[in-house]
Amino acid sequence: MEVKINENITLFATGGQPFTTDTYLLAAFATKKARLAAELGCGSGSCSLLLAAREKFNKIKAYELQPTLFEAAKKNVEKNGYGEVIEVICDDVRNIPRTESFDAVLANPPYLKVCGKLSPDKEKAIARQELFGGVHEFAAAASRMLKTGGTFYCVYRPDRLTSLFSAMRENRLEPKIMTFVHHKAASDSSMVLVAAIKDGTESVRLTKPLIMNGEDGIMTPDAQRIYDTCSFKDFLS
């Protein structure tokens with residue numbers, strides 16, 4: 001089944017992983033245009049495709065461990081016409097060597113510890129649970145890849161924010177901008193977006209919260225602008 005995620009991008013294959021809000025917000029949160037970027041755990045390629053469609057980076061290397069999702073991402077990149085911008089690579093983030101050549105790295109790491117019964121859906125289990133590394137391994141890979149001054153963009157769960165900050169600090173990634181996302185104003189935060197600078201100084205800006213929907217269920221003006229532009233530029237100004 002084909003899924004149109006905006007006016008320019010269609011997912012022709014999902015590999016069982018649907019397009020989600022956190023994927024779109026992660027792509028939008030990358031506000032600085034640059035030459036070379038990487039996405040760790042790209043799934044079916046939707047985040048990298050959004051970045052390419054908005055011309056945020058000249059070249060994107062998208063890494064995916066699972067063969068079915070890797071094949072889905074390759075198909076989506078080719079059919080959307082971004083083969084010259086996005087290179088899809090089937091590899092474990094723990095194997096990525098030190099290059100220090102990337103301007104930006106984006107990630108939506110697995111956020112559940114491996115405990116109890118695993119999901120019967122193998123793809124979902126790997127995407128959500130730390131079976132092949134978690135936030136510490138993703139942050140370590142980002143640090144190996146980034147130039148000094150490069151940016152690590154990450155979406156994660158607020159209840160594991162201490163783990164995220166610990167992973168960043170251990171890997172020379174200093175949080176600089178943080179936005180909590182809420183489904184509605186009265187709801188607890190469901191996700192947090194963090195931009196960290198490699199070898200940056202200690203100083204973090206906590207933005208106003210992003211409220212996705214009003215009490216009437218209609219998307220708020222802030223959220224609508226982010227969806228329309230795939231950018232947090234107006235929200236962060």
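Relevant structure appears above.
Here's the deal with the state of the cysteines
Okay, so step 1: The tally for this structure, following the rule as stated, stands at zero disulfides.
Okay, so step 2: Between C230, a free cysteine, and C47, which holds the nearest cysteine sulfur, the sulfur-to-sulfur gap is 7.8 Å.
Okay, so step 3: Under the relative-accessibility criterion, C230 is labelled buried at 0%.

Considering the packing of helix α5 (residues 135-145) against helix α6 (residues 161-170)
Okay, so step 1: Across the interface, α5 lies against α6 with an axial gap of 9 Å and an inter-helix angle of 30 degrees. If you check the angle between α5 and α6, you find them roughly parallel. In the packing of α5 onto α6, the handedness of the crossing is right-handed. Contact residues: V135, H136 and A139 in α5; S163, L164, S166, A167, M168 and E170 in α6.
Okay, so step 2: Considered class by class, the residues forming the contact of α5 with α6 number five nonpolar, three polar and one charged.

Focus: the environment of K184
Okay, so step 1: Relative to the helices and strands, K184 resides in the loop between β8 (173-182) and β9 (189-198).
Okay, so step 2: For K184 and L210, which are 26 residues apart along the polypeptide, the C-alpha to C-alpha distance reads 9.0 Å.
Okay, so step 3: Ignoring any residue separated from it by four or fewer positions in sequence, one finds K184 in contact with I211, N213, G214 and E215.

As for the side chain of E39
Okay, so step 1: On the secondary structure map, E39 appears in strand β3 (residues 34-40).
Okay, so step 2: This buried residue, E39, is left without a salt bridge; K56 holds the nearest opposite charge, at 12 Å.
Okay, so step 3: Only 2.6 Å separates the side chain of E39 from the side chain of S48, close enough to count as a polar contact.
Okay, so step 4: Contacts of E39, omitting those with residues within four sequence positions, involve C47, S48, K61, A62, Y63 and L106.

Rules and cut-offs
- Residues numbered from 1 in each chain as written.
- Predicted model: local features only at pLDDT ≥ 70, side-chain atom pairs only at ≥ 80, totals over all residues.
- Heavy atoms only, no water.
- Disulfide = S-S within 2.5 Å.
- Buried < 20%, exposed > 50% of the residue type's maximum accessible area, 1.4 Å probe, protein only.
- Axes fitted to C-alpha atoms, helices over the stretch in contact; angles between N-to-C directions.
- Helix = DSSP H or I, 4+ residues; strand = E, 2+ residues; numbered from the N terminus.
- Parallel < 35°, antiparallel > 145°, perpendicular 65-115°, else oblique.
- Left-handed = near helix turned anticlockwise from the far one by under 90°.
- Contact = heavy atoms within 4.5 Å.
- Nonpolar A, V, L, I, M, F, W, Y, C, P; charged D, E, K, R; others polar.
- Lys, Arg positive; Asp, Glu negative; His and termini not counted.
- Salt bridge = Lys/Arg side-chain N within 4 Å of Asp/Glu carboxyl O.
- Polar contact = N/O pair within 3.5 Å; in protein donor to acceptor, adjacent residues only side chain to side chain.

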